[in-house]
Amino acid sequence: MKQAKGILAIVLHAHLPFVRHPEREKTLEELWLFEAITETYLPLLSMFDRLVREQVPFKLTMSLTPTLGSMLQDPLLVERYIKHLDSLIELSEKELVRTRFQPEFYPLAQMYYELFQNSRKLFVEQYDCNLVKAFAAFQEQGVLEIIASGATHGYLPLMDQEQAVEAQISVGVNWYIKQFGREPKGMWLPECGYAPGIDRYLHKYGIQYVILDTHGVLHSKPKPRYAVFAPILTESGVAFFGRDIESSKQVWSSTEGYPGDYNYREFYRDIGFDLDYDYVRPYLYSDHRGHTGVKYYKITGQTDHKEPYCPNAAREKAAEHAGNFMFNREKQVEYLCQHMDREPIIVAPYDAELFGHWWFEGPQWLEFLIRKIAFDQETIKLGTPGEYLKRYPVNQVAQPSMSSWGYNGYNEVWLHDSNYWIYRHLSQMAKTMIELANFETNDDLIYRALNQAVRELLLAQSSDWAFIMNAGTMTEYAVKRTCEHIHQFWQLEKQIRSGSVDLDYLSALEAKNNIFPDLDYRIYRQGAAAKSLAHII
Amino acid sequence: MSTLQPPGSVPPLPDAYSTPYLVCLVKNVHWVYVFWELTEELLDKGHQELDHDPATRKVLRVWKGEAPQRSLVCDLPLEADLGGQYVYLPDPGCRYQMEIVLVGTQRSVSLLTSNFIITPFGQVCEDEDGEWASIDELYRQYQAVEGKYLSSPQLWQLSSPMRRPPQPLDKIDLIVETELVIYGKATPGAAVYVQGEAVSTNPDGSFTLRYALPEGCSIFPIKAISKDGSQKQTLVPLVIKETY
């Protein structure tokens with residue numbers, strides 16, 4: 001077999017904000033998690049299983065954020081997810097009856113029935129209700145390189161307190177070590193958000209590499225020799241890989257990308273919007289119409305008229321698109337290696353939830369791509385940034401540019417007319433937490449309150465809230481979450497300083513915002529060797 | 001910009017923190033967001049140092065670089081003791097710091113200084129590394145977009161589960177669907193078949209079925225068979241759907 005000329009590093013970033021709501025039976029926000037499990041994480045795991053079983057060589061990189069991982073392992077959410085699947089199975093059984101005389105829809109109803117039944121079987125029987133462990137198993141088998149991420153996906157470039165940056169990184173790394181039993185090689189910077197100086201903390205916690213948007217590397221000083229087709233190193237010793245534009249556009253672009261193909265399933269035509277309200281009401285997560293996950297139409301075109309979805313045609317299209325993607329990467333690598341004195345690496349990061357949830361055929365496309373790369377050509381091979389660094393440990397030293405993968409490439413998504421107001425509060429909370437971190441106490445309640453204050457701060461820092469405020473989708477929810485965490489932080493601070501903690505209040509917060517149960521507030525101490533606290537977390 | 005509270009905030013947030021601060025956050029290549037709080041105590045101290053000069057004014061002073069080699073970019077008038085604003089910075093890729101200064105007739109007093117920020121460079125650097133000189137051919141694909149943002153403007157809209165759904169078009173639209181509900185009751189324990197397929201019944205023998213009704217004539221033979229198989233009965237509803 002010929003030696004491949006270049007490496008394709010596909011990176012899947014799996015993330016959801018912490019949206020656990022024990023106080024309510026059904027919430028739209030928890031539905032995000034359930035949809036992602038059914039439509040993205042289970043299909044990906046299933047695909048990995050098939051590939052391993054059939055000995056198809058592959059290597060992917062994946063980030064699994066602590067907020068998502070914590071929810072995936074939360075007993076309440078696991079129980080609710082199984083109930084959710086049971087209700088989908090019930091709905092799909094009804095759909096099988098309802099569409100009996102509609103030959104264009106009946107096979108689709110069957111498809112969903114099988115999908116939901118299979119999802120339940122996979123989740124409960126095969127993966128024992130623990131998807132984090134399931135992903136970890138593939139890392140142990142050497143086909144997946146799982147990287148860490150920030151504790152609550154906080155947007156680091158807009159944290160004016162260095163200790164706040166360090167805490168997001170240290171808590172994220174320590175969560176990773178606890179879950180996967182090893183130190184992470186790489187880290188997914190939330191929103192690929194980088195500002196000069198952040199790399200010092202990445203290095204402190206043993207992070208070997210991160211990924212930036214294209215211009216983060218391209219605009220580095222001095223000019224990078226290999227553009228984004230090899231990493232650069234900062235003086236602190238962290239490697240920075242840059243996103244490849246061509247491979248990103250082919251998948252991500254809302255106008256030119258594969259997911260917009262007319263044969264693919266239309267996301268917004270869901271029976272939750274189309275059918276009689278009383279019929280779908282038991283399966284909705286609010287009093288308004290919403291998504292059930294049962295969708296019968298294809299994109300069809302730039303038109304309101306939608307044709308019935310045809311899975312076979314969509315599958316063929318996914319295969320065609322995978323072939324096209326691979327062909328383009330081959331041409332790209334052939335061009336690059338004429339001019340490079342080492343193998344080029346093409347870094348292609350995507351939100352994991354694109355595959356299956358937004359783009360229903362995404363997992364099929366990915367599987368076709370992996371198989372085609374393995375068996376239909378010899379120019380490119382799949383690899384990971386970690387492996388590339390092992391192979392090429394000597395790299396150019398340069399200072400990457402501040403950047404993000406948000407709109408316009410810098411910080412303006414998260415610093416905008418809709419969300420600027422949060423930063424005054426986050427800044428003061430972080431400053432105060434640094435102060436509180438110097439407390440020493442033998443009082444168990446004070447100790448618990450200090451830890452909970454850190455949790456409230458970390459949760460307030462989630463970049464998701466500012467993003468949602470900017471996007472204008474579920475603004476009320478994002479504002480409410482931010483305000484709640486800010487308010488709860490200050491309530492705890494008052495109680496800590498007065499030496500009188502309200503046990504009921506504290507217990508209620510601990511029960512609701514129960515992420516990082518072994519967190520120790522002292523991570524906010526300046527110069528704290530947080531890594532040495534790994535045995536605590 | 002004086003709004004300190006988010007719209008419809010629940011629960012209430014502090015209006016002020018009674019502690020002085022000046023913070024600068026980078027928005028993009030040329031813009032930063034600065035927010036501050038000046039306490040009475042700090043202002044009193046400043047005025048005292050200026051001998052309560054009545055002509056004193058507050059300014060937001062923008063510095064480029066770091067002392068002792070810094071240069072003044074501009075002074076912006078400051079009215080509110082608690083607020084925030086966006087500031088334009090002319091030179092990308094530079095280090096800046098903000099300062100709030102009380103400017104008197106004869107001299108000035110510094111009240112607060114902010115954190116240092118470095119604005120992004122915003123373009124490919126011309127400086128080449130002596131040992132790692134860049135390869136021009138690898139930059140060809142970026143030359144067409146030089147000066148523009150290289151991160152795709154559309155990508156972010158797909159990067160979150162919270163994207164906006166398509167907005168309804170401003171025109172009259174009418175969609176009508178029809179469904180048929182068949183419901184009935186047999187002796188408890190009897191097996192019920194519709195078009196030859198068994199349907200589930202409730203403990204009291206009742207059943208409900210819901211079908212999307214196609215155009216044309218639909219026939220629904222419904223058969224009930226007693227538990228011991230000795231008794232049978234069939235009823236056949238016939239439904240015609242026509243759309244005009």
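What counts and what doesn't
- Here the residue numbers are simple positions, counted from 1 along each chain's written sequence.
- Each chain is given a letter, starting from A, and each ligand a number, starting from 1, according to the order in which they appear as written.
- Per-residue local features are limited, in this predicted model, to residues with pLDDT of at least 70; the limit for side-chain atom pairs, both in listing and counting, is 80 or more; totals at the level of whole chains, interfaces and linings are taken over all residues.
- Hydrogens and water molecules were not included; the side-chain quantities draw on all heavy atoms of the structure.
- What counts as a helix is a DSSP run of H or I of at least four residues, what counts as a strand is a run of E of at least two, and both are numbered from the N terminus.
- Burial status follows relative accessibility: with a 1.4 Å probe on protein chains alone, a residue under 20% of its type maximum counts as buried, one over 50% as exposed, and anything between as partly exposed.
- The contact criterion used is simple: two residues touch if any of their non-hydrogen atoms lie within 4.5 Å.
- Accessible surface is computed with a 1.4 Å probe, and the buried area is the amount of it that two parts give up when combined, taken over both parts together.
- Criterion for a salt bridge: a side-chain nitrogen of Lys or Arg within 4 Å of a carboxyl oxygen of Asp or Glu.
- Pairs of N or O atoms within 3.5 Å make up the polar contacts considered here, provided that, within protein, one atom can donate a hydrogen while the other can accept it, and that residues adjacent in sequence are counted only when both atoms are side-chain atoms.
- Under the scheme applied here, ten amino acids are nonpolar (Ala, Val, Leu, Ile, Met, Phe, Trp, Tyr, Cys and Pro), four are charged (Asp, Glu, Lys and Arg), and all others, including Gly, are polar.
- For every element, the axis is a line fit to its C-alpha atoms; helices are fit only across the contacting stretch, and the angle between N-to-C directions ranges from 0 to 180 degrees.
- Geometric relationships in this document are graded by angle, where less than 35 degrees denotes roughly parallel, more than 145 denotes roughly antiparallel, 65 to 115 denotes roughly perpendicular, and other angles denote oblique.
- The handedness criterion is simple: a crossing whose near helix is rotated anticlockwise from the far helix by less than a right angle is left-handed, and one whose near helix is rotated clockwise is right-handed.
- Note on terminology: a nonpolar core comprises buried Ala, Val, Leu, Ile, Met, Phe, Trp, Tyr and Cys residues joined through side-chain atoms within 4.5 Å.
- Note that domain bounds follow an automatic or database assignment of domains.
- Here, the term disulfide refers to a pair of cysteine sulfur atoms separated by no more than 2.5 Å.
- Each Phe, Tyr or Trp ring, with Trp reduced to its six-membered ring, pairs with another whose centre is within 6.5 Å; inter-plane angles below 30 degrees give stacked pairs, above 60 give edge-to-face pairs, and intermediate values give tilted ones.
- By definition, being over a ring means that NZ of Lys or CZ of Arg is both within 6 Å of the ring centre and within 35 degrees of the ring normal.
- We treat two strands as partners when DSSP finds at least two bridges between them.

A. Seen up close, the overall build of chain B. Check the secondary structure of chain B and you find 2 helices and 15 strands. Considering chain B as a whole, with its 244 residues, one finds that 39% of them fall into the buried category. Nonlocal contacts in chain B, meaning residues at least 24 apart in sequence, comprise 56% of its contacts between residues at least 6 apart.

B. A look at the interface of chain B and chain A. Taken together, the contact between chain B and chain A spans 78 residues of the former and 80 residues of the latter. Summed over both partners, the interface of chain B with chain A buries about 7900 Å², with 64% contributed by carbon and sulfur atoms. At the boundary of chain B with chain A, the tally comes to 4 salt bridges. For the interface between chain B and chain A, the tally reads 19 residue pairs in polar contact (both at pLDDT 80 or more). Of all elements in the fold, only strand 1 (21-26), strand 2 (31-37), strand 5 (82-88), strand 7 (108-118), helix 2 (140-143) and strand 11 (206-212) of chain B reach the threshold of two or more residues within the side of chain B that touches chain A. Classifying every residue of the side of chain B that touches chain A by side-chain character gives 48 nonpolar, 16 polar and 14 charged.

C. Layout of the side chain of Lys-241 of chain B. Residues and elements named next belong to chain B. Of note, Lys-241 is situated in strand 15 (residues 238-241). A relative accessible area of 16% means that Lys-241 is categorised as buried. Separated by 2.8 Å, the side chains of Lys-241 and Thr-178 make a polar contact. Aside from chain neighbours lying at most four places away, what touches Lys-241 is Thr-178, Leu-213, Pro-214, Glu-215 and Gly-216.

D. Local environment of the packing of helix 3 (residues 75-98) of chain A against helix 4 (residues 106-126) of chain A. All names here are of chain A. The N-to-C vectors of helix 3 and helix 4 enclose an angle of 155°; their axes lie 9 Å apart at closest approach. If you check the angle between helix 3 and helix 4, you find them roughly antiparallel. Considering only the axes of helix 3 and helix 4, their crossing is left-handed. In this structure, helix 3 uses Val-78, Tyr-81, Ile-82, Leu-85, Asp-86, Leu-88, Ile-89, Ser-92, Glu-93, Glu-95 and Leu-96 to contact helix 4, whose residues at the interface are Tyr-106, Ala-109, Gln-110, Tyr-112, Tyr-113, Phe-116, Gln-117, Ser-119, Arg-120, Phe-123 and Val-124.

E. Structural detail: unusual backbone geometry. Cis geometry is adopted by the peptide bond preceding Pro-222 of chain A, which originates at Lys-221 of chain A and carries an omega value of -5°. The amide bond that connects Ala-67 of chain B to the next residue, Pro-68 of chain B, takes the cis arrangement and shows omega of 5°. Note on placement: Pro-68 of chain B falls in the loop between strand 3 (57-64) and strand 4 (71-77). The backbone of Glu-191 of chain A sits at a positive phi, close to 60°, despite the residue not being glycine.

F. Region of interest: the nonpolar core. Counting 240 residues, the largest nonpolar core has Tyr-41, Phe-48, Ile-169, Trp-365, Tyr-423, Met-433 and Tyr-524 of chain A as its most contacted members. When residues no more than four places from it in sequence are discounted, the contact partners of Met-433 of chain A are Leu-450, Ala-453, Val-454, Leu-457, Phe-489, Tyr-521 and Tyr-524 of chain A. If you look at the next biggest cluster of nonpolar residues, it comprises 14 residues, including Val-192, Val-199, Leu-213 and Phe-220 of chain B.

G. How the structure looks around the domain arrangement of chain B. When the domains of chain B are assigned, the result is domain 1 (16-118) and domain 2 (179-241). Inter-centroid distance (C-alpha atoms) of domain 1 of chain B to domain 2 of chain B is 80 Å.

H. Quick peek at the state of the cysteines. Per the stated rule, a full pass over the model turns up 0 disulfides over all chains. Cys-125 of chain B takes part in no disulfide bond, and the closest cysteine sulfur to it belongs to Cys-94 of chain B, at a distance of 12 Å.

I. Representation of the packing of aromatic side chains within the structure. The tally for this structure, following the rule as stated, stands at 47 aromatic pairs over all chains. Judged by centre distance (4.7 Å) and plane angle (75°), the rings of Tyr-81 of chain A and Phe-123 of chain A are edge-to-face. One end of the pair, Tyr-81 of chain A, is in helix 3; the other, Phe-123 of chain A, is in helix 4, and 42 residues separate them in sequence. Tyr-81 of chain A gets classed as buried once you look at its relative accessible area, which sits at 0%. By relative accessible area, which is 2% here, Phe-123 of chain A ends up buried. Measuring from ring centre to ring centre gives 5.2 Å for Tyr-33 of chain B and Tyr-86 of chain B, while their planes differ by 50°; the resulting arrangement is tilted. Here Tyr-86 of chain B lies in strand 5 and Tyr-33 of chain B lies in strand 2, a separation of 53 residues in the sequence. The same class applies to Tyr-33 of chain B and to Tyr-86 of chain B, which are both buried. Lys-26 of chain A extends its terminal NZ or CZ atom over the ring of Tyr-285 of chain A, reaching a point 4.8 Å from the ring centre.

J. A look at the sheet that holds strand 13 (residues 222-225) of chain B. Residues and elements named next belong to chain B. With respect to topology, 4 strands assemble into an open sheet ordered 10-9-13-14, the strand pairing being antiparallel. Looking at the sheet topology across the chains shown, the edges are occupied by strand 10 (197-199) and strand 14 (232-235). For this sheet the average axis-to-axis angle between neighbouring strands, irrespective of direction, equals 30°.

K. Molecular detail of the sheet that holds strand 2 of chain B. Ordered by their spatial adjacency, 3 strands build an open sheet running 1-2-5 (chain B), and the pairing between neighbours is antiparallel. Each having just a single partner strand, strand 1 and strand 5 of chain B make up the two edges of the open sheet. The average angle at which neighbouring strand axes cross in this sheet is 15°, direction not considered. Across the sheet, helix 15 (residues 422-436) of chain A is in contact with strand 1, strand 2 and strand 5 of chain B; its angle to strand 1 of chain B comes to roughly 120°.

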